[in-house]
Every structure is written in structure tokens, then in C-alpha cells.
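# Observations on chain architecture
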Amino acid sequence: MSAGLKTVILLSFVLAVGFLLIILSCALWQNWLPLLVALIFVLAPLPNALFAHCGGDDFASYENPGTVDLGRFITSMIVVTGFALPIVLAHSGVIYTGACVMSIIGGGLVYGTILAYSAAFRQEEEFE
């Protein structure tokens, strides 16, 4: 396991900054709709994590089953929605442009932290 305490501290700091940006994008302009971005980016890895275990047997590992592809597709749709929702809300005049930018940056930090955490602490299966 190559990830240590410094990795956990750095990831928690980046996650806190991401949530701070999302909450500030809501609080500074008294509009709480950008908070949906935090919910979207927290829920984004779930389909990928759920469908990753629906793979085929070990002997046919070269094939990529359709369920894994479906999980990746749903995850990518949720991530695109997380980036597009503030842009659509800003374009329609529901939120301000500053809130849109802060929400996108904060959401990107939150999702990036989730990806970095899952990559840093991935458990490799060893066959002996």
C-alpha cells in the first residue's frame, strides 16, 4: 500500500476546499441551487462502483461485459450533468456567473478527490 497518511490529509484538504467553494457559491448569492452539484458529484462514482463487480468470470477477462460499460456510461452521464447543470442555470439567469464558476471548480475538486482516493487505495487482487 503506497498511500499513506500524507495522501489522506491532502485528499481531505482538497475535498474540504471543493465543498467550501460549492457552499460559498450558494451562500454568497443567496441561492442554494448550486448545492445540487455537490450531491451530483458525490453520487457520480456509485454506478461505476456497483457495476464493476458484475463482470464475467476470471477466464474471460479479456472481454468487457456490458454491465461494466453500462456503469461507466451512467457515471459519465452523471459527471457531465454535474458540470452542465451550473452552466444551464447560469445561462437561464437562475444563478449568477460567479456562482456557476465556483460551483464547477468546487464540483471538479470533489469528483477529482473521489477519483484520487479510489485510485490511491485500490486493492489489487494477488494470485499465488
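Quantities reported herein were computed from a predicted structural model and do not represent experimental measurements. (Residues numbered from 1 in each chain as written. Predicted model: local features only at pLDDT ≥ 70, side-chain atom pairs only at ≥ 80, totals over all residues. Heavy atoms only, no water.)

## Focus: the overall build of the protein
From N to C terminus, the protein includes five helices and zero strands. Shown N-terminal to C-terminal, the secondary structure of the protein runs as helices and strands in the order α-α-α-α-α. Counting all 128 residues of the protein, 25% fall into the buried class. Long-range pairs, those at least 24 residues apart, make up 69% of the contacts in the protein between residues at least 6 apart in sequence. Total accessible area on the protein stands at roughly 8,600 Å², and carbon and sulfur atoms take up 69% of it. (Helix = DSSP H or I, 4+ residues; strand = E, 2+ residues; numbered from the N terminus. Buried < 20%, exposed > 50% of the residue type's maximum accessible area, 1.4 Å probe, protein only. Contact = heavy atoms within 4.5 Å. Areas by Shrake-Rupley, 256 points an atom, 1.4 Å probe, with all protein chains shown as cover.)

## Some details on helix α5 (residues 97-120)
The terminal C-alpha atoms of α5, which comprises 24 residues, lie 34 Å apart, in line with the 34 Å expected from a rise of 1.5 Å per residue. When α5 is considered as a whole, its buried residues turn out to be Ala 99, Cys 100, Met 102, Ser 103, Gly 106, Gly 107, Val 110, Tyr 111 and Thr 113. In the core, the buried residues of α5 are packed alongside α1 (5-27), α2 (35-43), α3 (45-51) and α4 (66-91). (Expected span 1.5 Å × (residues − 1).)

## Comments concerning the nonpolar core
Ranked by size, the top nonpolar core spans eight residues in total: Ile 22, Val 37, Ala 38, Phe 41, Ala 44, Val 79, Val 110 and Tyr 111. Among the secondary structure elements, those contributing two or more residues to this core are α2 and α5. At three residues, α2 tops the list of elements feeding residues into this core. Once you skip the residues sitting within four places of it in the chain, Ile 22 turns out to touch Pro 34, Leu 35, Ala 38, Ser 103, Gly 106, Gly 107 and Val 110. (Core = buried A, V, L, I, M, F, W, Y, C linked by side-chain atoms within 4.5 Å.)

## What to know about the UniProt feature "transmembrane region" (unreviewed entry) in the protein
Mapped onto this numbering, the UniProt entry annotates "transmembrane region" (unreviewed entry) at residues 7-30, 36-56, 68-89 and 95-117. As annotated, residues 68-89 has a helix share of 100% and a strand share of 0%, and its two end C-alpha atoms lie 32 Å apart. (UniProt positions renumbered as here; feature names shortened; annotations may be inferred.)

## A word on a nonpolar patch on the surface
Judged by side-chain polarity, Leu 33, Leu 36, Leu 39, Val 42, Leu 43, Leu 46, Leu 50 and Val 94 come together as a nonpolar surface patch covering roughly 660 Å² of accessible area. When contributions to the nonpolar patch are tallied by element, the ones reaching two or more residues are α2 and α3. With four residues, α2 is the largest single contributor of residues to the nonpolar patch. Counting through the fold element by element, Leu 43 comes out in helix α2. (Patch = residues over 30% accessible without salt bridge, like charges linked within 9 Å, V, L, I, M, F, W, Y side chains within 5 Å. Salt bridge = Lys/Arg side-chain N within 4 Å of Asp/Glu carboxyl O.)

## Examining the packing of aromatic side chains
The full count for this structure, using the stated rule, is four aromatic pairs. Summarising the aromatic geometry, the rings of Trp 29 and Tyr 96 are spaced 6.4 Å apart at their centres and angled 40° between planes, so their arrangement reads as tilted. You can see Trp 29 sitting in the loop between α1 and α2 and its partner Tyr 96 sitting in the loop between α4 and α5, a full 67 residues away along the chain. With a relative accessible area of 53%, Tyr 96 lands in the exposed category. Summarising the aromatic geometry, the rings of Phe 41 and Tyr 111 are spaced 5.9 Å apart at their centres and angled 40° between planes, so their arrangement reads as tilted. A residue pair is termed long-range when its members are at least 10 positions apart, and Phe 41 in helix α2 and Tyr 111 in helix α5 qualify at 70 residues. Every member of this aromatic cluster is reached through a ring pair, and the members are Phe 41, Phe 83 and Tyr 111. (Phe/Tyr/Trp six-rings, centres within 6.5 Å; stacked < 30°, edge-to-face > 60°.)

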